[in-house]
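# Per-entry structural report
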Amino acid sequence: MTGSQQVPYLLRAARGEVLDRPPVWMMRQAGRYMKVYRDLRDKYPSFRERSENPDIAVEISLQPWRAFRPDGVILFSDILTPLPGMGIPFDIIESRGPIIDPPIRSQEQIDKLTPLDPDASLPFIRQILQTLRHEVGNEAAVLGFVGAPWTLAAYAIEGKSSKDYTIIKSMAFSEPAMLHTFLGKIADSIATYVRYQIDCGAQVIQMFDSWAGHLSPQDYKEFALPYQQRVVQQVKATHPDTPMILYISGSAGVLELMGQSGVDIVSVDWTVDMADARRRLGPDIGVQGNIDPCVLFGSQPFIRDRIIDTIKKAGNRGHILNLGHGILPKTPEENAAYFFETAKQIDKLLVSA
């Protein structure tokens with residue numbers, strides 16, 4: 001076995017190697033579309049128990065690995081997981097999503113927040129990541145993930161999911177100094193959390209700024225980008241060789257700005273053509289994505305053609321095949337399996353296509 005073969009395939013792509021096929025995994029690949037997950041969820045109805053109990057979280061993380069052998073195995077967790085360690089408690093209610101009560105609305109609350117100490121507040125993360133590394137060996141890369149400062153601040157300030165983000169935007173536009181203080185505290189704690197995940201075994205980190213796509217480019221440059229950069233700069237100062245990925249849903253209007261964050265790879269949603277994304281980001285930034293999750297409800301020939309189209313446009317260097325968002329709950333498992341099988345045989349399919 002050569003040295004390059006001992007490095008997980010996804011890691012080789014993230015580092016910019018030219019490969020015969022792109023590595024493949026799916027956002028939200030451990031989850032509701034799989035019967036084994038739904039059965040386990042029925043047994044353990046609390047999301048926080050599922051994600052913070054190491055044995056359960058490892059089992060859920062490995063369910064798609066056992067079924068499909070993706071090139072990436074991602075930690076089963078939530079972007080809000082580190083918040084209690086900063087002094088922001090939350091709960092996740094199955095039908096309603098995350099709830100933060102009381103939400104962060106005052107300078108006094110912000111002043112009381114504490115820097116994150118992952119070993120004290122998140123010891124289960126170490127056990128989960130170390131176990132995943134042991135279980136998959138070099139056959140797949142283990143991915144960690146975090147929420148970006150703007151998105152975590154939005155959850156904390158809104159107190160729940162939102163469609164219009166009026167509360168955090170009102171703070172941004174009427175009390176920007178207070179919001180900047182909050183974003184800075186989150187960024188520093190998230191950088192600590194990323195470094196902790198890497199030290200515990202994560203080989204690649206994906207940062208989700210899920211709600212930053214709802215910002216205008218002008219506001220993204222003020223309230224999202226500087227804090228993405230703050231996280232990346234702190235991580236790269238201590239772990240320069242760990243690839244980082246940035247994902248934003250609805251990112252077509254800020255794609256070039258995402259490339260300024262300092263990450264190695266930009267995860268592209270399906271509203272941007274992959275060839276266009278390549279042009280806009282330039283040759284030095286890798287891409288991930290970007291197949292519409294609803295494609296997996298189509299016929300197998302249709303799924304195959306979309307995979308071929310995306311891979312041709314992305315090229316053979318610095319591309320990780322993925323969906324443009326998380327896999328949807330009612331996706332047929334056989335189509336998920338076909339997605340992975342096809343992606344792994346793509347070098348043969350491209351010859352005949």
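The structure reproduced in this document is the subject of the present report. Being a predicted model, the structure only gives us computed values, none of them experimental.

Another point: the pattern of salt bridges. Summed over the entire model, instances satisfying the criterion amount to 16 salt bridges. As a salt-bridge pair, R21 and D71 come within 2.9 Å of each other at their nearest N and O atoms. Here the residue R21 occupies a position in the loop between α2 (9-14) and α3 (35-43), and D71 occupies one in the loop between α5 (54-68) and β1 (72-74), the gap between them amounting to 50 residues. A residue is classified by how much of its surface remains accessible, and D71, at 4% relative accessible area, is buried.

Strand order across the open sheet formed by seven strands is β1-β4-β5-β6-β7-β8-β9, with parallel pairing between neighbours. Of all strands in the sheet, those bounded by a partner on one side alone are β1 and β9 (319-323). The average undirected angle you get between the axes of adjacent strands in this sheet is 25°. Summarising the sheet, strand β7 (residues 265-268) and strand β8 (residues 286-291) pair through four bridges and their orientation is parallel. Residue pairing for β8: V266 is matched across the bridge by V287.

Quick look at the packing of helix α10 (residues 166-174) against helix α11 (residues 176-200) now. It is at 5 Å that the axes of α10 and α11 come closest, and there the two elements cross at 115°. It follows that α10 is roughly perpendicular to α11 by the angle criterion. Contact residues: I168, M171, A172, F173 and S174 in α10; P176, M178 and L179 in α11. Taken together, the residues of the contact of α10 with α11 sort by class into seven nonpolar, one polar and no charged.

Here P45 is to be found in the loop between α3 and α4 (47-52). Since its relative accessible area comes to 59%, P45 is described here as exposed. Sequence-distant contacts of P45, that is, excluding residues within four places in its chain, are made with R50 and E94.

With that settled, consider the pairing of β9. Burial of β9 is extensive: five of the five residues sit out of reach of the surface. By the alternation rule, side chains of β9 split into H319, L321 and L323 and I320 and N322, which are all buried. Bridge count between β8 and β9: five bridges; the pairing is parallel. Note on β9: the bridge partner recorded for N290 is N322.

This brings us to the packing of helix α16 (residues 300-314) against helix α17 (residues 333-344). Between α16 and α17, whose axes approach to 10 Å, the crossing angle comes to 40°. Taken together, the axes of α16 and α17 are oblique relative to one another. For the pair α16 and α17, the crossing hand works out as right-handed. Note on element contacts: α17 touches α16 through E334, N335, Y338, F339 and T342, opposite Q300, I303, R304 and I307. Looking at side-chain class alone, the contact of α16 with α17 contains four nonpolar, three polar and two charged residues.

Quick look at the environment of K330 now. Topologically, K330 is positioned in the loop between β9 and α17. Take K330: its relative accessible area is 73%, and that puts it in the exposed class. Sequence-wise, K330 and K313 are 17 residues apart; in three dimensions their C-alpha atoms are separated by 28 Å.

Cut-offs applied
- Here, residues in each chain are numbered from 1, in the same order as that chain's written sequence.
- At least 70 in pLDDT is required for a residue's local features to be given in this predicted model, at least 80 for side-chain atom pairs to be given and counted, and no such filter applies to totals for whole chains, interfaces and linings, which use all residues.
- Hydrogens and waters are ignored; side-chain quantities use all the structure's heavy atoms.
- Salt bridge criterion: a side-chain nitrogen from Lys or Arg within 4 Å of a carboxyl oxygen from Asp or Glu.
- Counting from the N terminus, the helices are DSSP H or I runs at least four residues long and the strands are E runs at least two residues long.
- Accessibility here uses a 1.4 Å probe with only protein chains present; expressed as a share of the type maximum, an area under 20% marks a residue as buried, one over 50% as exposed, and anything in between as partly exposed.
- We treat two strands as partners when DSSP finds at least two bridges between them.
- Throughout, an axis means a line fitted to C-alpha atoms (over the contacting stretch in the case of helices), and angles, computed between N-to-C directions, take values from 0 to 180 degrees.
- Angular relationships are summarised with four words: roughly parallel below 35 degrees, roughly antiparallel beyond 145, roughly perpendicular across 65 to 115, and oblique for the angles in between.
- By definition in these notes, contact holds between two residues if any of their heavy atoms fall within 4.5 Å.
- In this classification, the charged set is Asp, Glu, Lys and Arg, the nonpolar set is Ala, Val, Leu, Ile, Met, Phe, Trp, Tyr, Cys and Pro, and all remaining amino acids, among them Gly, are polar.
- The handedness criterion is simple: a crossing whose near helix is rotated anticlockwise from the far helix by less than a right angle is left-handed, and one whose near helix is rotated clockwise is right-handed.

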